[in-house]
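Results of the structural survey
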Amino acid sequence: MTPPRVSLLLVSHSRALARATADLAAQMTGGTVVLDCAAGCGPEHGDLGTDPLLVQDRLTALDTAAGTLVLVDLGSALLSADMALDMVDPALKARARLVAAPFVEGAVAAAVAAAAGLPLDAVAAEARQALAPKRSQLEEEAPASAPPPVVAPAEAVEAAAEAVIRDPHGLHARPAARLAVAAAGFAATLFVSDLDTGAGPASARSLVALGTLGALCGHRLRISGRGEDAPRAVRALADLVAACTGADEAPPPAAAPVMDGRALPVSPGIAIGPLRLWRPADPVVSQTPSTDPDADLARLILALDQAAAALDREAARPGGDILAVQAVFLRDPDFRAAAARKIGDESRNAADALARAGAEAAARFAGLEDALLRARAADLRDATRRALTLLSGAPAQPALPPGPPAILVAEDLPPSLAQALDPARVLGVIDRRGGATSHAAILLRGLGIPALAGAAALLPDTLPASAAFDGASGELIFNPDPQQCAAFAARRPAAAPAMALTDGGVALPGGGRVDLWANVTGPRDAALARAAGAFGIGLLRTEMLFLDRADAPDEAEQTARLKEIFALFAGRPITVRTLDAGGDKPMPYLTMPPEANPFLGVRGLRLSLARPALFVTQLRAILGAGAGHDLRIMLPMVTDPAEVTEARAHLEAAHRSLAEEGVPHAWPVPLGVMVEVPAAALTADALAEVADFFSIGTNDLTQYTLAAERGHPALARFADATHPAVLALIRQVVEAGRRHGRHVAVCGEAAGQPAAARRLVAAGVPALSLSAALFPGIVAALGERETAISL
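A brief report on the enclosed structure follows. It should be emphasised that the depicted structure is a prediction, and the values quoted were computed from it without experimental measurement.

Calculation criteria
- Residues numbered from 1 in each chain as written.
- Predicted model: local features only at pLDDT ≥ 70, side-chain atom pairs only at ≥ 80, totals over all residues.
- Heavy atoms only, no water.
- Helix = DSSP H or I, 4+ residues; strand = E, 2+ residues; numbered from the N terminus.
- Buried < 20%, exposed > 50% of the residue type's maximum accessible area, 1.4 Å probe, protein only.
- Contact = heavy atoms within 4.5 Å.
- Pairing = 2+ DSSP bridges.
- Axes fitted to C-alpha atoms, helices over the stretch in contact; angles between N-to-C directions.
- Phe/Tyr/Trp six-rings, centres within 6.5 Å; stacked < 30°, edge-to-face > 60°.
- Arc of directions from axis to C-beta.
- Core = buried A, V, L, I, M, F, W, Y, C linked by side-chain atoms within 4.5 Å.
- Patch = residues over 30% accessible without salt bridge, like charges linked within 9 Å, V, L, I, M, F, W, Y side chains within 5 Å.
- Areas by Shrake-Rupley, 256 points an atom, 1.4 Å probe, with all protein chains shown as cover.
- Salt bridge = Lys/Arg side-chain N within 4 Å of Asp/Glu carboxyl O.

Observations regarding the environment of Gly200
Note that Gly200 resides in the loop between β6 (189-194) and β7 (202-203). Take Gly200: its relative accessible area is 44%, and that puts it in the partly exposed class. Considered as a pair, Gly200 and Arg222 are 22 residues apart in the sequence and their alpha carbons are 9.5 Å apart. With near-sequence residues (within four places) excluded, Gly200 lies in contact with Val192, Ser193 and Leu213.

Written as structure tokens, this is what we have:
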């Protein structure tokens, strides 16, 4: 865990001067240092002067173990600060330093020193010496009483490296997000500058700052850093820039110019049908001033954290890395600091502050010359809207108004809506704005929904009743007659024969078969999985019952929602995973303490065993909903047999209590384990003595085996479930399953990757569980002649 840094308090007669100085210092440090202002006096502190009570309040709010440095501008500011220090707790006073330093230069020098992790006394010394460079340039002698210049400690080393942007789209959202995430993993303070334009330095940890550099393909970037690990950090970031070539991203279709009857082609395909208008239901934002800034700041941070967590979960779906960029936006330190300043300095409420900060950040992107970077403004607006919805408590807006399938007409379609569209109900999309490079466009192509953008000039003031368009050419007509509809329909390619499953499985060319189960989160994908012919549900994630809420769902609610999903797979096997939360997936109502390494903390079954009431309630709901179904229960994050034995005792207690109450429920029920921890794979024989089946979670098993966080951009090459070490562990589990007669499946991401799936089957895995949308690719891969495998 990163230790706290020294914070800064600027005490000034002028609120504008203090704010401008704080902004300058923040820009120099990339927002990595906590700064605050105690400036002005009178009503709303709008008059010139200082207020000791305000200084006292800000000192208390800033206090950390690292201490607070206080800088003042003129004489009475010193008196107010000195008086405030006498009024605070003595322990807090001991952690504060009131320093005689130039206000602006001292603030910048102190902020840089604090960002480098220097202790309070060293930060104060840097502030006192802030005029030294100016004196040197003007050839003035320093006062005789001036202390010698402070030399940063040896560990505060500096380093720099250069890299050329090879991505044809420049430093756009995805590579910028990778840089920001990678930079956060180092202790050094890191900056990026564009040597070709002179833009920067920008904080390497800030996606907004990186994006507004406007760096294009071929530009030379300078990555600089200060801190103990600066040489390693700048080299890693330079390598990351060089590695981002854009080769892993599908190119957008060539844009056709907007002309009579043509829009920008975004997603190929033919759409014919009625038009339906969609407008974003922006939450109503009150401009009532804040009466409790601390409470508003807490509400702001909670909403941003919850919205980012929701985006993280959606990012786990195919194509979800686009939404992961929005999560990085919401965690951006500069973005958060800008919103927080509007609460602290302008007395705005949480929603008003967030709305204004989001609009300003989006406007900066919208003003850039590069079209790809301009398109990121929509991501910022979408991410801000999501967090504002949480702040307002408004219900989520439906993806499409009620009615029959239709062509959706939108104004700058947000990515979160595009990701949620159902191709069965949305025949196509016409976006008045947007473009082929927007994240919404990428998602629409992934969903196979025909789409056009930049159609504002073609849409009349009164929305026509219907339309027909070609998403590949951009051709668009309104209110087509039957002959025109037939002409467009004739352009649709003949459907290729679908590769169907045989009783939920794939026959292998060399003999044997592999069953395809489905990973499911709710009724929608359960219905799609059943229609796709899945053998059963191999992984029902129950987290969807517990997330994005203030309290835990009761047994009745859980039972009702599970029954809805179970009904869709009546007569087929259903595997329900108990709550996989905690640590990296916190839930506010569980009030769990923060963990230094949540991936190795109280997660999955560990959390359930630590909260038996929560666990038993869920088990009762699963058993009750499973009455009449082929049900099995799976435990996540299992490490040793004792945990399974303890969990089975809770399961049997849930069964006994339901039986005593006369509640119909499934019984007996097989109890299996997810093999995600190397220890579980290595002791699979012992686990087979207490577990009824195995399901291998390749995501966690890979990251734990290779000691590489799966989301770390600099370690992407280790996110490989087919690494020999991982495959060796998988083979051990398969062999243990055979020896003890335990069913074995793989339910991680690797099961949905054709090349990896072939390797898993070759290793002896008899069943794969994956998203039903990925079935066709896996069926085709396993049906190839060279896949001849004996199971």
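So much for the structure itself; the text now carries on.
Some words on the environment of Ala66
Here Ala66 lies in the loop between α2 (52-62) and β3 (68-72). Spatially, the C-alpha atoms of Ala66 and Ala114 are 9.6 Å apart, while their sequence positions differ by 48 residues.

Section: the sheet that holds strand β8 (residues 220-226)
In a beta sheet, neighbouring strands are held together by backbone hydrogen bonds and run either parallel or antiparallel to one another. Spatial strand order, β5-β8-β6-β7: 4 strands in an open sheet with antiparallel pairing. Across the chains shown, the open sheet's two edge strands, defined by having one partner strand only, are β5 (158-164) and β7. Relative to β7, β6 is paired through 2 bridges, and the arrangement is antiparallel. When the sheet's bridge partners are listed, Val192 is paired in β7 with Ala202. Of the strands in this sheet, β5, β6 and β8 are in contact with helix α10 (residues 230-243), which crosses β5 at around 5°.

Re the packing of aromatic side chains
Here the distance between the centres and the angle between the planes together describe a pair of aromatic rings. Tallying each qualifying case throughout the model produces 1 aromatic pair. Summarising the aromatic geometry, the rings of Trp517 and Phe535 are spaced 5.1 Å apart at their centres and angled 45° between planes, so their arrangement reads as tilted. Within this pair, whereas Trp517 is found in strand β17 (residues 513-520), its partner Phe535 is found in the loop between α20 (523-531) and β18 (537-541), the two being separated by 18 residues in sequence. On the basis of relative accessible area, Trp517 is assigned to the buried category, the value being 6%.

Thoughts on helix α6 (residues 120-128)
Among the 9 residues in α6, 7 count as buried, and that is most of the element. The set of residues buried in α6 consists of Leu120, Ala122, Val123, Ala124, Ala125, Glu126 and Ala127.

A short note on helix α30 (residues 775-782)
All of the buried residues in α30 are Phe775, Ile778, Val779, Ala781 and Leu782. Summarising the axial view, the buried residues of α30 lie within an arc of 165°, below the 170-degree limit, and thus occupy one face. Those residues of α30 that are buried are in contact with β16 (505-507), β17, α29 (754-762) and β24 (767-770).

Some points on the nonpolar core
Judged by nonpolar contacts, the single largest core of 78 residues is most densely connected at Leu516, Phe694, Ile730 and Leu768. No other element matches helix α28 (residues 724-740), which puts 7 residues into this core. By size, the runner-up hydrophobic cluster in this structure holds 29 residues, among which are Ala204, Ile223, Leu237 and Leu240.

Thoughts on a nonpolar patch on the surface
A cluster of nonpolar side chains, contributed by Leu17, Leu24 and Val104, occupies part of the molecular surface with about 190 Å² of accessible area. Note that Leu17 resides in helix α1 (residues 15-29). Residue Leu17 is classed as partly exposed on the basis of its relative accessible area of 35%.

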